[in-house]
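Below are the chains, spelled out letter by letter.
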Amino acid sequence: MDLTEPLRPTSLHEEVAARLRTMVFERQLQPGEWIDEMALVEQWHISRTPLREALKVLAAEGLVTLVPRRGCQVAELSEDDAADLFPVMALLEGRCAYEAARKATDADVADLQGLHDKLEDCAARGDTDGYYRHNHVFHSRVQALAANRWLDRTTGDLRRFIRLLRGRQLAWPGRMEASIAEHRALLQALIARDAPRAERLMHDHLMAQLQALKALRQREARSATPAEESDVHAR
């Protein structure tokens, strides 16, 4: 290997992986869906090699599952997965809020206020999709303001799995209204630099999401036909 050869900023398979990751998070590829590799190869005018390398990357991240002789399937979170994951994320994001409250500057808090205002607008208009997107940005910003590389790494790794749900719990009646109220309280704690309160509010905010998700899935299970019921429990 010639170690003097210039390195490219990104390789093709990394670009393909980034595009696939976006499709999974945006639910253009649905949980449990089998990925049509030939269709993507034709659509993106690439060979199968970078696509397969990209799928290996996403498999290592836990976003897809490679099944021998069958292909590649988009990962999905079961009820048990969600019940195990959300309490861990509640602890991690709570700590992010704690450290952000201690370290955030006035400019940082003003930035959070601007992000919160977008959430308020989406909540007022009943824009669930917009609320989900801005909520992800807000939480990611709090994570960044914590300025703890170990916390950031762990939280970022697990946030990918939360994103597989794409805010499904917001479909539960009254959840978006409750969520924005939780955000208002959290923002006030951050403005006051009340780290313990910010930590507690963020923790409870995540656990409230889990409760709404459980309620939504229970309602879906009750309304599902016997043939559909097993599929509901798998999501």
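Residues numbered from 1 in each chain as written. Predicted model: local features only at pLDDT ≥ 70, side-chain atom pairs only at ≥ 80, totals over all residues. Heavy atoms only, no water.

A. Seen up close, the pattern of salt bridges. Applying the stated rule across the entire model yields 19 salt bridges. Linked by salt bridges that have partners in common, Glu-26, Asp-129, Arg-133 and Arg-166 make up one network. (Salt bridge = Lys/Arg side-chain N within 4 Å of Asp/Glu carboxyl O.)

B. Up close: helix H9 (residues 195-223). For H9, built from 29 residues, the straight-helix expectation of 42 Å at 1.5 Å per residue is met to within 8% by its first-to-last C-alpha distance of 43 Å. For H9, the N-terminal cap is Asp-194; the gap from its side-chain oxygen to the backbone nitrogen of Arg-197 is 3.2 Å. (Helix = DSSP H or I, 4+ residues; strand = E, 2+ residues; numbered from the N terminus. Expected span 1.5 Å × (residues − 1). Polar contact = N/O pair within 3.5 Å; in protein donor to acceptor, adjacent residues only side chain to side chain.)

C. Molecular detail of helix H7 (residues 149-163). For H7, built from 15 residues, the straight-helix expectation of 21 Å at 1.5 Å per residue is met to within 8% by its first-to-last C-alpha distance of 21 Å. Of all the residues in H7, the buried ones are Leu-151, Thr-155, Arg-159, Arg-160 and Ile-162. Buried-residue contacts for H7 involve helix H1 (12-25), helix H3 (48-61), helix H4 (79-103) and helix H6 (128-145). Between the side-chain oxygen at the start of H7 and the backbone nitrogen of Trp-150 there is a gap of 3.0 Å, and the oxygen is on Asn-148. (Buried < 20%, exposed > 50% of the residue type's maximum accessible area, 1.4 Å probe, protein only. Contact = heavy atoms within 4.5 Å.)

D. Spotlight on empty space enclosed by the protein. Tallied over the full model, the rule gives two cavities of 30 Å³ or more. There is about 210 Å³ of room inside the largest cavity. Taken together, 16 residues make up the lining of the largest cavity; nearest its centre are Tyr-132, Asn-135, Ile-162, Gln-169 and Gln-209. Going through the elements one at a time, H4, H6, H7 and H9 are the ones with two or more residues in the lining of the largest cavity. Looking at the lining of the largest cavity, the element that brings in the most residues is H6, giving four residues. Split into classes, the residues belonging to the lining of the largest cavity amount to six nonpolar, seven polar and three charged. (1 Å grid on protein atoms, 1.4 Å probe; cavity = no way out; pocket = protein on both sides within 12 Å on 5 of 7 lines; lining within 4 Å. Points joined across faces, edges and corners; volume = space filled by probe spheres on them. Nonpolar A, V, L, I, M, F, W, Y, C, P; charged D, E, K, R; others polar.)

Everything listed is a geometric property; what it means functionally is a separate question.
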